[in-house]
Every structure is written in structure tokens, then in C-alpha cells.
Amino acid sequence: MSSQEAQAVNGKDQGRQNGDAPPAADSCQAAACEAAGAPQAAGVPTPTSQEAMSALSDGDVRFVPYTNENDMPGIVELIEKDLSEPYSVFTYRYFINNWPDLCFLTMQAERCVGAIVCKLDVHRCRNTHRGYIAMLAVDKELRGRRIGSKLVQLCLDRMRALGADECVLETEVTNEGALALYRSMGFVKEKRLHKYYLNGNDAYRLKFLFKLPEGFYEGLGCLGPPAEPPRNSSAAGGGEGGEGGEEA
């Protein structure tokens, strides 16, 4: 997410504090072919996600869902260490307060050593349910333990349970660790965004598809609306990319 987007988010969030209606939607191509499950109520971790977090815990680190404002300082401190651009507290609150069940933390004792912040809303152009990974960070001392991959998987599983059609994110073209991580998760490059960041660097838009578009299996590309995969089809995937990535 660029700083220009963060500033726009800040304005929306401040408007909400003044009683305005919540923002409606956000910003469409590429491979991973599992159908999403039925939507479930947001804000309540499913039993399967609780089991998944327990299964992913490794030695001295454990995975937990965001619980309340007391978790915010640890998230902000961790993410700001690796950010290419600064975010205000309103940016964090916009995502976390609106989609608390799409925020997961990795804890080592009482210290936050990993965090992922996402959202899920309706893409107004295609009327699809689009997930978005806004922030991902892992403490440098713990990289190489697949903590980033596990955090991304927790969010993808939750998005699938909520009925997501796709998930997107942006990452700097020079962030090789993040590109490798997302490639291993099944994300693909959708487009290159020139001079996306304030430092002048380009970004890749990466995408993960929970449902392939209609006509995909007939060779018609990725422009149609999401469709259920044909029975007995095998999952497809491939890809690349986000902020604070680690090697898979």
C-alpha cells in the first residue's frame, strides 16, 4: 500500500469518527482454484482457524488473533521498523477496527514478532469479494522460520471462509524476499505500477484467486466473473510479492 492510499484511508477513517458512513469498496486475474466456503459472521474466529493457529505455533512462538486496542502498539512498532513509507495510526485503525478478524499476530512471550493486517470488501468494478493484504511484517531475528507464510495462510483461509473471490496486494519490485514468499503461496503478478512509492520505486500488483473466472478452462482468459471450478479439477497456482516480506 502506497502512502497516497494511506492518506486516502486516513481521511475516510477520520470521517467515520465524525459519524459518516463506512467506506464502500476497493479495487482484477491469475491462478489458484479452490472454491471459497460459505460466508460466516465477521469478527468471530472459526474453530478451524483456532485449531490452525495452534497447529502453526512452533516452539517459543505462537499465533493469535487480534483481540483489542492493547495489541495495537506492538503491531505499529513492528511494522514501522520495515516500512518504506510511514503510516499514521488512523491507517492501522481503519483496517484493524473494520476487519479485526483479518488481523493475526505472532507472539514470542509477550512480544509481537509478526503481524498481518488485511481487509475484505466488494470490488466495485467487477462486483467480486476482494481481499487485500495491507501490511505484513516479521521480526528480522525470526525470519527464515516461515512465520510470514503462516500468517498469510491464516488470512487466506479466513478470506476463503468469508466467501472471497480473490486477494491482492502490492510490493516493491526490489523486495525479493516478499516476492519469493508470495510466489510460494500461489500469488501471481497482475501488473507493474510505475513509481508507486514515494521513494520512486515501482510496485507489482500480485493476485491470488480463490475461484477461477468463467471461461478459464475454455481458454478465454481471466476477465469473466468468478466461477466454481469443474468437479475433480486440481488446484492451480503460481505467483510472486508485500511489505516486510521474508523468504518462504
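S.K.: Explanation requested: the sheet that holds strand β3 (residues 111–123) in the structure shown.
M.R.: The strands making up a sheet associate through hydrogen bonds between their backbones, and the pairing can be parallel or antiparallel. Strands sit in the order β1-β2-β3-β4-β5-β7-β6 across an open sheet of seven strands; the sheet is mixed. The sheet is open, and its two borders are formed by β1 (61–65) and β6 (188–193), each paired with just one other strand. Averaged over all pairs of adjacent strands, the angle between strand axes in this sheet comes to 25°, irrespective of strand direction. Relative to β3, strand β2 (residues 103–108) runs antiparallel, the two sharing six bridges.

S.K.: Which parts of the structure should I look at to understand unusual backbone geometry?
M.R.: A negative phi angle is the norm for most residues apart from glycine, just as the trans form is the norm for most peptide bonds. At Ala 109, a position not held by glycine, the phi torsion is positive, near 60°. Relative to the helices and strands, Ala 109 is located in the loop between β2 and β3. For Ala 109, a relative accessible area of 51% translates into the label exposed.

S.K.: In this structure, what is going on with the packing of aromatic side chains? I would like to understand it.
M.R.: Here the distance between the centres and the angle between the planes together describe a pair of aromatic rings. Tallied over the full model, the rule gives nine aromatic pairs. Relative to Phe 95, the ring of Tyr 94 has its centre 5.0 Å away and its plane inclined at 75°; by these criteria the two rings are edge-to-face. Each member of the pair, Tyr 94 as well as Phe 95, is classed as buried. Cluster of aromatic residues (ring-pair linked, three or more members): Tyr 94, Phe 95, Trp 99 and Tyr 132.

S.K.: Hey, could you run me through the pairing of strand β5 (residues 166–172) in this one?
M.R.: A regular strand places its side chains on the two faces of the sheet in alternate fashion. Most of β5 is tucked away: seven of the seven residues are buried. Alternating residues of β5 divide into Glu 166, Val 168, Glu 170 and Glu 172 and Cys 167, Leu 169 and Thr 171, and every residue in both groups is buried. Where strand β4 (residues 128–138) and β5 come together, three bridges link them in parallel fashion. Pairing of Tyr 132 across the sheet is with Val 168, part of β5. Where the polypeptide runs from β4 across helix α5 (residues 147–161) and back to β5, its parallel neighbour, the crossover connection is right-handed. Sheet topology note: the β5/strand β7 (residues 203–209) ladder contains seven bridges and is antiparallel. By the bridge assignment for β7, Glu 166 is matched with Leu 209.

S.K.: Explain helix α6 (residues 176–185) here, please?
M.R.: In an α-helix, one full turn covers 3.6 residues, which means residues spaced three or four apart are oriented alike. Listed in full, the buried residues belonging to α6 are Gly 177, Ala 178, Leu 179, Leu 181, Tyr 182 and Met 185. Those residues of α6 hidden inside the fold are in contact with β4, α5, β5 and β7. Within two residues after α6, Gly 186 carries a phi angle of roughly 105°, on the positive side.

S.K.: Looking at this model, I keep getting lost on the side chain of Asp 71. Mind explaining?
M.R.: Residue position: Asp 71 is located in the loop between β1 and α3 (72–80). In this structure Asp 71 is buried but unpaired, with Arg 62 as the nearest side chain of opposite charge at 8.4 Å. Setting aside residues up to four positions removed in sequence, Asp 71 forms contacts with Pro 65, Tyr 66 and Leu 105.

S.K.: I tried to follow α5 on my own but got confused; where do I start?
M.R.: Counted at 1.5 Å a residue, the expected span for α5 with its 15 residues is 21 Å, and the 21 Å between its end C-alpha atoms agrees. At the exit of α5 stands Gly 163, carrying a positive phi of roughly 90°.

S.K.: I keep staring at the packing of α3 against helix α4 (residues 89–98) and nothing clicks. Help me out?
M.R.: Two measures define how a pair of helices packs: the angle their axes make with one another and the distance between the axes. In the contact formed by α3 and α4, the axes pass within 12 Å of each other and the chain directions differ by 125°. Compared by their axis directions, α3 and α4 come out oblique. In this structure, the crossing between α3 and α4 has a hand that is right-handed. Contacts between α3 and α4 involve Met 72, Ile 75, Val 76, Ile 79 and Glu 80 on the former and, on the latter, Tyr 92, Arg 93, Ile 96 and Asn 97.

Cut-off values and rules
- Residues numbered from 1 in each chain as written.
- Predicted model: local features only at pLDDT ≥ 70, side-chain atom pairs only at ≥ 80, totals over all residues.
- Heavy atoms only, no water.
- Pairing = 2+ DSSP bridges.
- Helix = DSSP H or I, 4+ residues; strand = E, 2+ residues; numbered from the N terminus.
- Axes fitted to C-alpha atoms, helices over the stretch in contact; angles between N-to-C directions.
- Buried < 20%, exposed > 50% of the residue type's maximum accessible area, 1.4 Å probe, protein only.
- Phe/Tyr/Trp six-rings, centres within 6.5 Å; stacked < 30°, edge-to-face > 60°.
- Right-handed = clockwise from strand over helix to strand, strands pointing away.
- Contact = heavy atoms within 4.5 Å.
- Lys, Arg positive; Asp, Glu negative; His and termini not counted.
- Salt bridge = Lys/Arg side-chain N within 4 Å of Asp/Glu carboxyl O.
- Expected span 1.5 Å × (residues − 1).
- Parallel < 35°, antiparallel > 145°, perpendicular 65-115°, else oblique.
- Left-handed = near helix turned anticlockwise from the far one by under 90°.

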